[in-house]
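# Residue-level structural notes
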Amino acid sequence: MIHAAFLDRDGTLVEDPGFLRDPDDVRLLPGAVDAVRRLNRERIRAIVVTNQSGLARGFIEPGEYEAVTRRLEELLRRGGAMLDAVYHCPHYPPLSGPCDCRKPGTLLYRTAGAHFGLDLARCAWIGDRLTDLLPAHAFGGRGVLVRTGKGMEMEVEAEAAGAGFPAVDDLPAALAYLLGTTG
């Protein structure tokens, strides 16, 4: 049984226009609501972990980030789905220096694990970049690349495959793979 699914935001749950700052621009990817609703139904924590370097770079204001997060949660709620938590890294190492929270760093996952009492070895990581998946190796969990967002690029899929991660079309397919079902 998977205890939690750590989901990337941009390119996995929502379209990635780059530095998403306007809540009116939040567009859920096809199947995102159904996938999160399935996690809820299966009693698997749905936790978003996202790098938001636009905050450190000054491209996004904290209030804009929060408004986008509220919009994401509102769109999911309208479809009968909910996130258990959203964590973000606001840093950009060339400006703010290194940190432990920027993916593939593990601080935000350890924080979520402590908050929810998770066995991180029994969690899944789903995203459209290798950095979204690498924490699975650190904790002994499972990771799946989605071919949405950056995951559509052949070199990203090749990097993920080289690191031992399978690739599937989208978030619903990732859950079907992880849960061993198609329903």
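I will try to describe carefully the structure that is included in this document. Just so you know, these numbers come straight off a predicted model, no measurement behind them.

So, on to the environment of Arg77. Inspection of the secondary structure puts Arg77 in helix 3 (residues 62–78). When the C-alpha atoms of Arg77 and Arg37 are compared, they prove to be 9.2 Å apart, with 40 residues separating the residues in sequence.

This paragraph deals with the packing of helix 1 (residues 32–41) against helix 8 (residues 171–179). Running from N to C, helix 1 and helix 8 point in directions that differ by 30 degrees, and their axes come no closer than 8 Å. Accordingly, the angle class assigned to the pair helix 1 and helix 8 is roughly parallel. In this structure, helix 1 uses Ala32, Ala35, Arg38 and Leu39 to contact helix 8, whose residues at the interface are Leu171, Pro172, Leu175, Ala176 and Leu179. The class makeup of the residues in the contact of helix 1 with helix 8 is eight nonpolar, no polar and one charged.

Topologically, Asp8 is positioned in the loop between strand 1 (4–7) and helix 1. Judged by its relative accessible area of 6%, Asp8 falls in the buried class. Setting aside chain neighbours within four positions, we find Asp8 in contact with Leu13, Val49, Lys103, Ile126, Gly127, Asp128 and Asp132.

Following the criterion strictly, the structure yields zero disulfides and no others. Free of any disulfide, Cys89 has its nearest neighbouring cysteine sulfur in Cys101, separated by 3.3 Å. Since its relative accessible area comes to 0%, Cys89 is described here as buried.

A few words on the layout of surface pockets. Estimated volume of the largest pocket: approximately 470 Å³. Around the largest pocket, the lining comprises 22 residues; the ones closest to its centre are Asp16, Asn51, Ser53, Arg102 and Arg129. Sorting the residues of the lining of the largest pocket by element identifies strand 2 (45–51), helix 2 (53–57), helix 6 (130–139) and helix 7 (154–162) as the ones contributing at least two each. Here the lining of the largest pocket is built from residues that sort into five nonpolar, seven polar and ten charged.

Moving on to the pairing of strand 1. Side chains Ala4 and Phe6 of strand 1 all project onto a buried face; the interleaved residues Ala5 and Leu7 project onto the opposite face, where all are buried too. Note: strand 1 against strand 2, four bridges, orientation parallel. When the sheet's bridge partners are listed, Ala4 is paired in strand 2 with Arg45. A crossover connection joins strand 1 to the parallel strand 2 through helix 1; in handedness this β-α-β unit is right-handed. Bridge count between strand 1 and strand 4 (residues 123–127): four bridges; the pairing is parallel. Its bridge partner lying in strand 4, Ala4 is registered against Cys123.

One side chain can pair with another of opposite charge once the charged atoms of both are near each other. By the definition in use, this model includes 13 salt bridges. With its nearest N and O atoms 2.7 Å apart, the salt bridge here joins Glu64 to Arg21. In this pair, Glu64 sits in helix 3 while Arg21 sits in the loop between strand 1 and helix 1, placing the two residues 43 residues apart along the sequence. For Arg21, a relative accessible area of 42% corresponds to the partly exposed category. A salt bridge links Arg71 to Glu74; the nearest nitrogen and oxygen atoms lie 3.0 Å apart. Placement of both Arg71 and Glu74 in helix 3 is noted, with a separation of three residues, approximately one turn of the helix. Assessed through its relative accessible area of 21%, Arg71 is described here as partly exposed. Note on Glu74: relative accessible area 27%, which makes it partly exposed.

Criteria and thresholds
- Residues numbered from 1 in each chain as written.
- Predicted model: local features only at pLDDT ≥ 70, side-chain atom pairs only at ≥ 80, totals over all residues.
- Heavy atoms only, no water.
- Helix = DSSP H or I, 4+ residues; strand = E, 2+ residues; numbered from the N terminus.
- Axes fitted to C-alpha atoms, helices over the stretch in contact; angles between N-to-C directions.
- Parallel < 35°, antiparallel > 145°, perpendicular 65-115°, else oblique.
- Contact = heavy atoms within 4.5 Å.
- Nonpolar A, V, L, I, M, F, W, Y, C, P; charged D, E, K, R; others polar.
- Buried < 20%, exposed > 50% of the residue type's maximum accessible area, 1.4 Å probe, protein only.
- Disulfide = S-S within 2.5 Å.
- 1 Å grid on protein atoms, 1.4 Å probe; cavity = no way out; pocket = protein on both sides within 12 Å on 5 of 7 lines; lining within 4 Å.
- Points joined across faces, edges and corners; volume = space filled by probe spheres on them.
- Pairing = 2+ DSSP bridges.
- Right-handed = clockwise from strand over helix to strand, strands pointing away.
- Salt bridge = Lys/Arg side-chain N within 4 Å of Asp/Glu carboxyl O.

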